[in-house]
Structures are given as structure tokens and as C-alpha cells.
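Structural overview for review
Given next are the chains, with one letter for each unit.
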Amino acid sequence: MGKKILLEHINVPGIETYDVYRKQGGYTAVEKAIKTMSPEGVVEEVKKAGVRGRGGAGFPMGMKWSFLAKPEGVPRYLVCNADESEPGTFKDHYLMKNIPHLLIEGMIVSSYALGANKSFIYVRGELMYVIRILEKAIAEAKAAGFLGKNILGSGYDLELIVHPGGGAYICGEETALLESLEGKRGNPRNKPPFPAVKGLYQCPTVVNNVESIATAAWIINNGGDAYAAIGIGRSSGTKLISASGHIKKPGVYEIELGVPVEEFLYSDEWCGGIRDGHHLKALVAGGSSVPILPANLITKLANGEPRLMTYESLSDGGFQTGTMLGSGGFIVFDETACVVRNTWNFSRFYHHESCGQCSPCREGTGWMEKVLHRIEHGHGSMHDIDLLVDVAKKIEGNTICPLGDAAAWPVASAIRHFRDEFEWHITHPAEATQPGAVFKGEMALV
Amino acid sequence: MEDIKPQLVKVTIDGIEVEVEPGTTILQAARKIGGNVAPPAMCYYQPLKGSGGKCRACLVRVAAGSAKDPRPMPKLVASCITPVQDGMIVENSTNEQVLTTRKAIVEFLLINHPLDCPVCDQAGECDLQNFAFNHGMATTRYEEERRTFEKKDIGPYIQLHMTRCILCYRCVYTADQITQKRVHGVLGRGDASEISTYIEKAVDNDFSGNVIDVCPVGALTDKTYRFKNRVWFTKPVDAHRDCPTCSGKTTVWYRGDEVIRVTARKNEWNEVTEFICNTCRFEKKKTSDWVIEGPTKISRSSVISANKYRGDLIKPDFQRKLAAATYTHVDDERDTSQLGIQQLTPERFAPVLPHANDPEP
């Protein structure tokens, strides 16, 4: 059950080739858009669809498009952010690897809507084989007349360029991505100006996530209203979820937004439940940067209603009892997972990936990692816990880009919900440093 | 003579209204008011295009965005890169959150900074020292090992001491904008980022020495001056020479009657006004090389300006209470002008000019 938009044809053999993709109704959106619609009309449909950015921030894609400045005589660019590097998120990788033409079709439709004649796909550098898949698909699309000069005789030209990243998480931040694309060091820019005004090469630019752009083809074929009818309220459409951790069936799933978290977790259609003989302890719902939640808070809202897989429901209760949908990296922990060790691990990642440009993030991420390392290895003291909370608070909101927030939230939330576990590590260093040792205190297991 | 003036915009900072040209940043508007209203800046450097936004020392709260849209801004903003709007209301030293954040920034900058001020050439004219004194805590919560770097040789004139660097990027912008070719930059990432040159190439350029002046800390120091003196024992005078390469307008630093250092001239915000060439800086160390103009007006951020660090003269903010509580005041009645006259030939130099921070006689 559940409507599939992006992964509808995922199991068709040979879907990665142009011929099969075309037979399954591929590139009809390009034909429809270019032959029968104006660029403004395409933007209007996407706005109606209400699709929200799938990269993590959840900003409405149509609105982002309508903010694009359109000065005369200045080129505009569309850049696809395929630098997916968030721990626990692997949906874009899956999509590009299996149905590359879906992204390319989306890119053509979106570029047409924005009036871009040169568009870029910035792919995470580690995924060289995906880059080759995309380049092959682009060559096929070009041979079929969907790319290049005078597409379908309309007079519209589009060149699509795949660019490999240099292997930095920070280049997934849109302005760092643009710097990197320009051939510079991937440091995020100060905003404003936003990319919609001054982006790539100081020209108006839209940066969208792979999954967001891939929805454009379906929206054009079926209409924005049809898309908006899927899902609940402002969380319209479907979302790819990368499910990982202690579940029976890890993988990438497409869900209609609005599925209850509990159902997603335990239904055989999706995650299939926690591995046998174990219980849910904690869950990270949207990739490593969003707050971790304990079992009792992730399935139910504070008022006892079931929590749903939507932007609004997951963030219900703010950071006190809620989290975020983020990029859809659904990481499940059972009772054998140590929250302190996991927090240290996340923290180590953000320390390693901080660009080093602004002081709170450069210094703060390293500090938090070192303190967490100390606690994990049995050398912590009680005031370290409050120190971590304070350092996280001082980083949050004071940095140039959201990486600072992303580094602070996992630490702050882990302490907020699992403070007793941190304390146990400090009061029982000998036990806590045993291999595989996990706090067995009171906690709400579901 | 006065033709069409751009419409000025009104902005209120810490309750003081000021009129500035559109496009002015909050920081520049605050500097126009001066004193304690001006936020500290560790990375922003007015003469260098594109600098700022990195250190977060100048974060302020915008209580009202503009007259048209008086909503407050959700986060603190970097005042050095945020342009003012008409009717904007800004809180700097009057806002507790701003001051708490500033305290945190000092702490962040200091956790990996070696506290080797006693042997650092920058001591006494160090922006980080001043920033820490004005906004920092008397204690540290950092127990971990500090980050260190191996020493690198970047040529005969400039000493790079990377461990002290706070990654303000000023020297990178200087090399980009003042010299013909930049051969150094930031390598690595996060707290492992370092200022370095490509395969340790020497920084060799007529204007390379300016990176020393723009460096807010002791990461880039003058090898010809290294370990020779403490800045508070020196006496700066404005001087010039006929230089074919640069303007030749410099500050010449004396100890006794010996020229021990030459730097570019700086304004009251510690910013170089005219960049100078390496010949002026490193090779003209005789009084006969220079036409002396007179004593340099001493920057408020210099310890040469007497009583800089007297607790009761630090402008009021809640840091002051802490500083006052832990500081034993030693009544120092020495007159700096006397200090200067004793060291220098009396006829040539007038006494040090009084400074705005000096107490009323």
C-alpha cells in the first residue's frame, strides 16, 4: 500500500537505461512542459504541489523557485545537491544509482521552469560510480534530443554537467557547494545574499536536493493538485526514508507522508520491526543531525496521540519532546546501543567535517568530541555533562551555516533524554568501559 | 559643492541614534558612534574586501529589522557584514544574550590558543588579548590538550606561528588584494585548518610584510623584530620617506634612539590605513632613513596608552564586575609622557598625546 511516485518503477529490469525508462513513461514530463507549458506554468504547478525541500531543511521548493531573481542579461543556474553525506541518509545515492533518468528528467523540467541553460549536478566525490551512471544517462538523453541545443524543437537549450565533490560533508551546505563548484575551498558563504540573488558565479541560482528535483517530473505529468492530495496538510507527497540500524529490513522506502512512525517501524512492508529478541531504545528520525528521541517519545506525541512521519508531527513539542524529519535518515537503536558512544561517534563526525571558518563550530565541535571521548572512556566527571550542554548551546545559532546546529543538536538531545546514561558512564567507569557495556538502568523500552 | 547626497538611514544602536549612508554595516554605524557601542571585531578588517563574518565576535541582536518591517531577527547577526536598514534597532552591549555569546566566543578562541603571551611579540597590541580582557572569563573550562602545529618556515622576514592563529583569514585577503600573487592560504579543515604555503614555499613579495600588520594575534610576526622588545617599552612616531614602491607613510617604533621596528599606520580600530612595502618595513631601520612627523596618536587598543587595563576604566558591562572582583588594583601614577621622554631624545618628541580613554585630569 502507499502511493509510490519516485520508486514506482524501481523493480523494472533495466530501468537505468534510457529505452526502458522511456517505455515506462519517462520523459513525458519534459515533452508536456516544453511543448505545452510556459516556464511560469511549471513553477505554478510545483508551488501548488507544495513539495518541501527533501534535503533536510524542508523549505517549500516552489517558493524557493519564485524567489529566484531574474535580472536581464544575467544567466541563471539550477544546481542539484547530490552531496548526500549525512550519516544515516542514503536515499539520493539509491535513487541516482537505480533510476538516473528520473533525476535527469526532473532537472530538465526544473531548468526549463527557471530559465537555466546550464545546470549542474554536484555529486558526492566518493560516489564515482554513480557519477559514471549519471554521465551515461545524460549522454542517452542527449542522443534522444532531450538535452542539448533546441530541445524538442522548442528553441530551449540545456546543458547538464555532473560535477564530483571533493569529499567534504560541508559541501552539502548550499553555499559551500557553490564555492566548491566554482573551484574554491568549500567554505559556506555569509548570508544574505542568498543564492537566489547571488549564487553560482554571483548569478541567481537555485539549489535543490536530488529527491526534490526528481518529484518535478511526476508533478508535471499529474498536476500539482494531485501531488498536494497525497500526504497530510503542509507535508504533501511522498518521502524517501533511509532506514538503518537494529531493524529487520534496513533499506530505502518511499512512504506517503503521514504514515504513523510506529507503523513504519513495525510493519512488514517497511522496517519490519526491531530485530528478534530486542526492544526499541532510541531513534534518530532524520539523519544524524536531528535530535535523538527515546522510544516513548518517538512513537507518541506528548498528548498521547500517535506520532506521524510528517514535518509537523515529528517536530511536535519542539526540541523538548520532538525532533525533525530532516533528510529522512531513520536510524534505529535497540537496547544494546550505547547512547554515549553513539553521541561521541556523531560528534567525532562533525568535528572532522567542520570547515573551520567560524570560531564556535571550529573550536566547539572539537571540544565536544574530546569531552565525549573522555566520558566514553571512563575519564569523565559530572560537570562535564553540563559543560557539554553549555558548549552545544553556545554553538547553536551562532555559526555561519547550519553545521554548527547539526553538531550541537545530537549532543544536547542525547543529554536531555539520556542523562542517566551519561551519569552512569561517569560513576561506573570500570563497568562502562567494558567492551559492549551498556547502561541497564531504568528506561522506557517499547 | 555638495551635490546630491544619498538619503541617509537612521539606525539606533544601544539606544543611540545615528544617521549613516545606505549599505553601511551595523559595525561601521556603531563605530561612528564609537566607544563601547562598537562591537569587537577579530576577523573583519575594513580595508580588506570580503573579510568578516567568521569570528562571530561582533554578533549583535537586531531588535527591529527596519521601520517597514520591525520584526526582530531570529538569530544574532554578524554586525560586520549586515547592512543597516532605516529604522533598525540594534542591541550590542545592552543585551545580555549578546554579551553571553561574546563571552563564549572568547572562550572558543582561547581553548586552542597557546597562552604564551609572556613570550609573544604581539603581547600588548594583540586584538585577542584585548578581546579576552574585555569580554572573557578569568578561568577556563577546557581541560583537553591544546591543538599544536609544527613550525613552518615561510621565508626570511615573516615568522609563522600557526598554533596562535585564530583563522581570521585576514592575511589571505591581504595577499589576494595587496600582493600580486598569493602563495599562502588555508589548508585542512575544522580545528586542523592551518595557514600554510604550497609545499612550504617562501612568501616572497614586495608587500608580503603587511600580513604581519593585519594579523590580530601573534601568528604572523616580524622576524627582524622578533624577541627584541616588548611593545610597551617602545615609542611610536609617524614618519615617511620617499619610496618608489609604496606611499612610504609608516609608523617607526623606537626604543631609546634605536629604530627597532617599522609598521604601517593604523587607525583607532587597529586597521592599516595605507599598506607599505617590504623595503620600508624590513630594511629602513635607521633614523636617517626617515622624515619624522611626530608622535603617533596611540591606539586605544595599545597598552602604550596608559591605564588601558585599569579595571575602573573598562567600559561598563557585566564582565567588568568579574574583572573588578578578581583584580587587585595597583595605583600606578607613572606618566607615560615621562616614560617616552626618558627613552627618547627630548627635543625631537612631544609628549604622548592624551587619549580618549584617559581619565579627566
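Residues numbered from 1 in each chain as written. Chains lettered and ligands numbered in written order. Predicted model: local features only at pLDDT ≥ 70, side-chain atom pairs only at ≥ 80, totals over all residues.

Structural notes on the overall build of chain A
Heads up, the condition is: The secondary structure listing takes helices from DSSP runs of H or I that are at least 4 residues long and strands from runs of E that are at least 2 residues long, numbered from the N terminus. Only the C-alpha atoms count toward the radius of gyration. The rule for a globule is 2.2 Å times the residue count to the power 0.38. Exposure in this text rests on C-beta crowding, where 20 or more other C-beta atoms within 10 Å of a residue's own make it buried, 12 or fewer make it exposed, and counts in between make it partly exposed. The C-beta atoms are placed from the backbone. The contact criterion used here is simple: two residues whose C-beta atoms, placed from the backbone, lie within 7 Å are in contact.
What chain A contains, in helices and strands, is 19 helices and 11 strands. Taking 22 Å as the expected radius of gyration for a compact globule of 446 residues, we find that chain A reaches 22 Å, a close match to that expectation. Projected onto its principal axes, the C-alpha coordinates of chain A cover approximately 75 × 45 × 40 Å. Taken over 446 residues, chain A has a buried fraction of 56%. Taking as baseline every contact in chain A between residues at least 6 positions apart, the subset at least 24 positions apart corresponds to 72%.

Observations concerning the overall build of chain B
Across its full length, chain B holds 8 helices and 14 strands. Across the 361 residues of chain B, 42% fall into the buried class. A sequence separation of at least 24 residues applies to 65% of the contacts in chain B between residues at least 6 apart.

A look at the packing of helix α3 (residues 39-49) of chain A against helix α6 (residues 100-114) of chain A
Any two packed helices are characterised by how steeply their axes cross, that is the angle between the axes, and by the distance between the axes. Residue and element names in this part refer to chain A. Here is the rule we go by: Helix axes are fitted to C-alpha atoms over the stretch in contact, other axes to C-alpha atoms as well, and angles between N-to-C directions run from 0 to 180 degrees. Two helices that cross are described as forming a left-handed crossing if the nearer one is turned anticlockwise from the farther one by less than a right angle, and a right-handed crossing if clockwise. Classification convention: Asp, Glu, Lys, Arg as charged; Ala, Val, Leu, Ile, Met, Phe, Trp, Tyr, Cys, Pro as nonpolar; all other residues, Gly among them, as polar.
Contact pair α3 / α6: the axes reach a minimum separation of 7 Å and the direction vectors enclose 115°. In this structure, α3 crosses over α6, and the sense of that crossing is left-handed. Contact residues: α3 offers Pro 39, Val 42, Val 43 and Val 46, while α6 offers Val 109, Tyr 112 and Ala 113. Within the contact of α3 with α6, the residues separate by chemical class into 7 nonpolar, no polar and no charged.

Describing the sheet that holds strand β6 (residues 152-153) of chain B
Residues and elements named next belong to chain B. Selection rule: Two strands pair under a simple rule: DSSP has to find at least two bridges between them.
Pairing is antiparallel across the open sheet formed by 3 strands, whose spatial order is β6-β7-β10. Of all strands in the sheet, those with a lone pairing partner are β6 and β10 (220-222), marking the two edges. The pairing of strand β7 (residues 158-160) with β10 spans 3 bridges and is antiparallel. Of the residues in β10, the one forming a bridge with Gln 159 is Thr 221.

Quick word on the interface of chain A and chain B
Counting residues at the interface gives 24 residues for chain A, matched by 25 residues for chain B. Of all the secondary-structure elements, those providing two or more residues to the side of chain A that touches chain B are α15 (339-353), α16 (359-376) and α17 (382-395) of chain A. Looking at the side of chain A that touches chain B, the element that brings in the most residues is α16 of chain A, giving 9 residues. The class makeup of the residues in the side of chain A that touches chain B is 7 nonpolar, 12 polar and 5 charged.

Notes on the UniProt feature "domain: 4Fe-4S His(Cys)3-ligated-type" (unreviewed entry) in chain B
Going by this rule: UniProt positions are given in the numbering used here, feature names are shortened, and annotations may be inferred rather than shown by experiment.
The feature "domain: 4Fe-4S His(Cys)3-ligated-type" (unreviewed entry), as annotated in UniProt, sits at residues 97-136 of chain B in this numbering. Annotation note: span residues 97-136 of chain B, helix share 60%, strand share 0%, distance between end C-alpha atoms 14 Å.

Some words on the nonpolar core
Residues and elements named next belong to chain A. The following threshold applies: We define a nonpolar core as a collection of buried residues of the types Ala, Val, Leu, Ile, Met, Phe, Trp, Tyr and Cys that are connected via C-beta atoms lying within 7 Å of each other.
Membership of the largest hydrophobic core comes to 218 residues, with the highest contact counts inside it found for Val 46, Val 79, Cys 80, Leu 103, Val 109, Ile 121 and Leu 283. Residue contributions to this core peak at 11 residues, all from helix α18 (residues 403-427). Residues in contact with Leu 103, not counting those within four places in the same chain, are Cys 80, Leu 95, Met 96, Val 210, Ile 213 and Ala 214.

A closer look at unusual backbone geometry
All names here are of chain A. The step from Lys 191 to Pro 192 runs through a cis peptide bond, and the omega angle for that step is -5°. Structurally, Pro 192 is set in the loop between α8 (174-181) and β4 (205-209). The step from Pro 192 to Pro 193 runs through a cis peptide bond, and the omega angle for that step is 0°. For Pro 193, the position within the fold is in the loop between α8 and β4.

Comments concerning the domain arrangement of chain A
All names here are of chain A. Defined as follows: The domain limits used here are those given by an automatic or database domain assignment.
Assigned domains of chain A: these are domain 1 (18-229), domain 2 (235-334) and domain 3 (339-432). Using C-alpha coordinates to define each centre, domain 1 is positioned 35 Å away from domain 3. By residue class, the composition of the side of domain 1 that touches domain 3 is 6 nonpolar, 3 polar and 1 charged.

Focus: the pairing of strand β1 (residues 77-82) of chain A
If a strand is regular, its side chains alternate between the two faces of the sheet. Residues and elements named next belong to chain A. Counting buried positions along β1 gives 6 out of 6 residues, so the element sits mostly inside the fold. Residue alternation in β1 divides its side chains into two sets, Tyr 77, Val 79 and Asn 81 and Leu 78, Cys 80 and Ala 82, and both sets are buried. Across 6 bridges, β1 lies against strand β2 (residues 118-123) in parallel orientation. The residue bridging Ala 82 from the neighbouring strand is Val 123, located in β2. Pairing between β1 and β4: 5 bridges, direction parallel.

Considerations on the packing of α15 of chain A against α16 of chain A
Residue and element names in this part refer to chain A. As a reminder of what qualifies: Put simply, angles under 35 degrees are roughly parallel, angles over 145 are roughly antiparallel, angles from 65 to 115 are roughly perpendicular, and the rest are oblique.
Following both chains from N to C, one finds α15 and α16 inclined at 155°, their axes separated by 8 Å at the closest point. Overall, the two elements α15 and α16 adopt an arrangement that is roughly antiparallel. For α15 against α16, the interelement crossing comes out left-handed. Residue-level inspection shows Val 340, Arg 341, Thr 343, Trp 344, Ser 347, Arg 348, Tyr 350 and His 351 of α15 in contact with α16, the latter providing Thr 365, Gly 366, Met 368, Glu 369, Leu 372, His 373, Ile 375 and Glu 376. Of the residues contributing to the contact of α15 with α16, the split by class is 6 nonpolar, 6 polar and 4 charged.

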